[in-house]
Amino acid sequence: MSLLSKVVDVVTGGLADRAYQVVKDYFPPDMSEAQRANVQLALQNLELEKKRQAEQARQAAEKQLTERIKELEGSAKDLLRLPILGPLMLFLRGCQRPVWGFVTLYLDWMWFSAWTLNEQQQTALITINVLVLGFLFGERAVKNVTPLIVKAVKAKRGG
């Protein structure tokens, strides 16, 4: 769930329940159950409409941001206009993730199999792992790999 989605939920979440409490507190106590149900249904419809509007605004904002980035930075198609450097840049751009990934994998392999590192060097390698995994492979990769790294470090220190 993106940050904008969380903001939308905070802004619109529970609107119908809060409004219904106000209606119950300030409207006549002799409202029938059918009238109460109708009021609650109307308020829930209002909340759904507000959520829909907020979601549309979020999607429009994300689309505008994407278009703005594309406008400022250009796209991969723009690189093809450069005779020799364009295809080379596209190739290097495509190679970046595998190269950084395999270099990090090699460093980790050496760390766990052959090298004896002090705590400062281990901290540096952990930082490299988090940076490479975080920037190149996303938050999910960091969440999946961090527990394994911590477990391996504890095993190496203890064993």
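So, a few notes on the structure that sits alongside this text. Residue positions within a chain follow its written sequence, with the count starting from 1. Only residues with pLDDT of at least 70 are given local features in this predicted model, and only at 80 or more are side-chain atom pairs given and counted; all residues enter the totals for whole chains, interfaces and linings. The basis for every side-chain value is the complete set of heavy atoms in the structure, and neither hydrogens nor water enter the calculation.

**Remarks on the pattern of salt bridges**
By convention in these notes, a salt bridge is any Lys or Arg side-chain nitrogen within 4 Å of a carboxyl oxygen on Asp or Glu. Here the structure, examined in full by the defined rule, presents three salt bridges. The partner of R52 in a salt bridge is E49, with the nearest N and O atoms 2.4 Å apart. Taken together, the residues span about one helical turn, with R52 and E49 both in helix α3 (residues 33-73) at a distance of three residues. Looking at R52, the relative accessible area reads 40%, which means it is partly exposed. R58 is the salt-bridge partner of E55, the closest N and O atoms lying 2.3 Å from each other. Of the two residues, E55 and R58 are both situated in helix α3; the distance of three residues between them amounts to about one turn of the helix. For E55, a relative accessible area of 26% corresponds to the partly exposed category. Note on exposure labels: buried denotes an accessible area under 20% of the residue type's maximum, exposed denotes more than 50%, and partly exposed covers the range between, all computed with a 1.4 Å probe on protein chains only. With a relative accessible area of 12%, R58 lands in the buried category. Via salt bridges that share partners, E55, R58 and E62 belong to a single interconnected network. Comment: elements are numbered from the N terminus, with helices defined as DSSP H or I runs of at least four residues and strands as E runs of at least two.

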